[in-house]
Amino acid sequence: MIDMLKRHEIQVLRRAEHTWNEIAALSGVSEKTAQRIAAENPVTTVDNAAERARRQVGRPSKAEAYREVLVQALTEDPALRSVELLHRARLAGYTGGKSAVYALAQSLRTRVVTPLVRFEGLPGEFSQHDFGEVWVTYQDGSDTKAHFFASRLKYSRWVEVTLVPDERVETLVRTLVEHLTAFGGIPLVTVFDRPKTIALKWGRDGVVTEWNPTFAGVALDLGIGVEACWPYRPQEKGSVENLVGWVKNSFFKQRRFLDRVDLERQLAEWLTEANTIRPSRATGVPPAARITEDRARLRPLKVTPADLTLRIPVSVSPTGVVLHDGHPYSMPPDAIGLPGTLYLYRDRVRIIAGRFSADHERKFQPGDGSILPEHRAQRVAAVSGKRARRYLQRQHLIDLGAAALAYLTELTHRRPRTWIPEVERLHELLQTHGDAALRTAFERGLAEQAIGAEYIAHYLGTTMPPRPFEDTDRPSTLNAYPLPRTGRVQSAAGARRGGAQRSLWTRASTAASSRRVGGRS
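Residues numbered from 1 in each chain as written. Predicted model: local features only at pLDDT ≥ 70, side-chain atom pairs only at ≥ 80, totals over all residues. Heavy atoms only, no water.

*Asks:* Go over the overall build of the protein chain, please, and point to the residues and values.
*Replies:* Counting its secondary structure elements, the protein chain contains 21 helices and 13 strands. Sorting the 521 residues of the protein chain into buried and exposed places 38% on the buried side. For the protein chain, the accessible surface area stands at approximately 29600 Å², while carbon and sulfur atoms represent 53% of it. (Helix = DSSP H or I, 4+ residues; strand = E, 2+ residues; numbered from the N terminus. Buried < 20%, exposed > 50% of the residue type's maximum accessible area, 1.4 Å probe, protein only. Areas by Shrake-Rupley, 256 points an atom, 1.4 Å probe, with all protein chains shown as cover.)

*Asks:* How would you summarise the packing of aromatic side chains if you had to cite specific residues and measurements?
*Replies:* Under the counting rule described, the total for this entry stands at eleven aromatic pairs. On the basis of an interplanar angle of 45 degrees and a centroid distance of 5.3 Å, the ring pair of Trp 246 and Trp 270 is categorised as tilted. Remark: Trp 270 occurs in helix H12 (residues 260-276) and Trp 246 occurs in helix H11 (residues 243-252); sequence separation between them is 24 residues. When its relative accessible area of 23% is taken as the criterion, Trp 246 is described as partly exposed. Residue Trp 270 is classed as buried on the basis of its relative accessible area, which comes to 0%. Every member of this aromatic cluster is reached through a ring pair, and the members are Phe 148, Trp 246, Phe 251, Phe 252, Phe 257 and Trp 270. Positioned above the aromatic ring of Tyr 155, the side-chain terminus of Arg 290 is 3.9 Å from the ring centre. (Phe/Tyr/Trp six-rings, centres within 6.5 Å; stacked < 30°, edge-to-face > 60°. Lys NZ or Arg CZ within 6 Å of the ring centre and 35° of its normal.)

*Asks:* Would you mind going over the pairing of strand E2 (residues 143-153) in detail, with residue names and values included?
*Replies:* Among the eleven residues that make up E2, eight are buried, leaving the element largely enclosed by the rest of the structure. Pairing between strand E1 (residues 126-137) and E2: eleven bridges, direction antiparallel. If you follow Phe 131 over to E2, its bridge partner there is Phe 149. The loop that links E1 with its antiparallel partner E2 comprises five residues; one of these, Gly 141, has a positive phi angle of about 95 degrees. By the bridge criterion, six bridges tie E2 to strand E3 (residues 159-164) in an arrangement that is antiparallel. Residue pairing across strands places Ala 150 opposite Val 161, the latter belonging to E3. Taken together, E2 and the strand that follows it, E3, pair antiparallel across an intervening segment of five residues, in which Arg 157 is found at a positive phi of about 70 degrees. (Pairing = 2+ DSSP bridges.)

*Asks:* Talk me through the pattern of salt bridges; I want residue IDs and the actual numbers.
*Replies:* Evaluation of the coordinates by the stated rule reveals 25 salt bridges. Across the salt bridge formed by Glu 210 and Lys 201, the nearest N and O atoms sit 3.8 Å from each other. Of the residues examined, Glu 210 reaches a relative accessible area of 32% and is grouped as partly exposed. (Salt bridge = Lys/Arg side-chain N within 4 Å of Asp/Glu carboxyl O.)

*Asks:* Go over the confidence of the model for the protein chain with me, naming the residues and quoting the values.
*Replies:* With 81% of its residues at a pLDDT of 70 or more, the protein chain has an overall mean of 82. Confidence drops under a pLDDT of 50 for residues 470-521, and excluding neighbours within four residues, the segment shows 42 contacts in the predicted structure. (pLDDT = per-residue confidence, 0-100. Contact = heavy atoms within 4.5 Å.)

*Asks:* Go over the sheet that holds E3, please, and point to the residues and values.
*Replies:* Taken in spatial order, the five strands make up an open sheet running E3-E2-E1-E4-E7, and their pairing is mixed. Each edge of the open sheet carries a strand with a single partner, namely E3 and strand E7 (225-228). Mean inter-strand twist for the sheet, computed between neighbouring axes without regard to direction, equals 25 degrees. Set on the sheet, helix H8 (residues 169-183) makes contact with E1, E2, E3 and strand E4 (189-192); between it and E2 the angle comes to about 50 degrees. (Axes fitted to C-alpha atoms, helices over the stretch in contact; angles between N-to-C directions.)

*Asks:* Explain the sheet that holds strand E12 (residues 348-353) to me, and be specific about the residues and the numbers.
*Replies:* Spatial strand order, E8-E11-E12-E13: four strands in an open sheet with antiparallel pairing. Each edge of the sheet is formed by a strand with only one pairing partner; in this case those strands are strand E8 (310-315) and strand E13 (356-361). If you compare each strand with its neighbour and ignore which way they point, the axes differ by 20 degrees on average. Direction of pairing for E12 relative to E13: antiparallel, over a ladder of six bridges. Residue pairing across strands places Ala 353 opposite Phe 356, the latter belonging to E13.

Following this line, the structure appears as structure tokens:
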């Protein structure tokens, strides 16, 4: 089929008195076709629908003969599926493929088009917030994924962007409060583009049915209004919906960075330029020229970034700890099994369960935990039976890490008869000096192969703790009566060769019997 533009070209060439041979060469058609087109009515439009209909230009679709069948079916049921329309066309005699019927059905269906809404916010009315991520290549060739959180006031276009470690809910709320503080207050409505960041469930229409409890608690504390835009409905977001894309294209894709420090420095410079110097394309003036009108309508924050607290529902485990983000925080043993609330600050943790409460320094390193000495002592006191208490004390030491496990293994095997008082003294040192100091002492003892509580006390710069049990209460680790006297003497001598001191306690019955062996007194 020769389009109308080509036909117009042939007619122009003929009016310029070119020969048929020249017209055929210039237009790429045969001389006979050129003669036929030159005799047609002059072409006045690129696509002459009337002419195409009169001449029946193009091959008609096989499905076109069944148009009325499809129109009648869609009139009765506009939501009828295309496969059912194909079935009805075949019942009417259609023998072609499905693609022609599907294409015809698509052209016949009633289209519901929602107009794109673009609206401007009033001073202090809206702010938009969203996470973004982008790959950054430093000048040394290393690649890293940079996460950022961006916020912008709709009226003035004042923007705040902060590099963040992740896109978790705690990062969101803490950075949100920092940005609202930089804005100068809280607008009427804060708009979020990603419901999955702040919501757990939402319906098919995009309405949130279950909010993230941590985010909801902070929203109530701050007194902010929240509007969650459905990700697939950009018409709801107004004129600044592409905030993340604007940050990527205007900053990250326009600059090169030496390292992370240089990235943060250039980001601060770019924010100053974007807010105070460069005119906004939407308003024609820098955001600083309109920020005063925004701030006059913003409400003051009820909570400062330093005092922001996240409330997290928890329960005290059977071991007397509360786990948060993989870090155990101790509670009194009487609180075991109770539900409670963990108040998460930036650098500390407060747990309340029933009438019990505990304050801890917040832990960030993997594997770190916070076990308060008073809780450790209460656990030992709450355990029934001396044997259970001693093994619980040893477990407290083992919980310090790999170095503690290796050290106690060496201690138990080198001093099989005296490890119980050794563990008791080590536990007392733990209560006095804390986890970090004892962990360091264990590492040094392993490196120097100095196995014994006296060495750990020496590393800590303290004296050996007293025995926590009386002689008459202490059971022997191994029964003495099955072993010959020589075996006991050799075992004690071997312990002394391993660096241990002679035990400070001896059973009276054992001492008396040793004097009577062989008839000697």
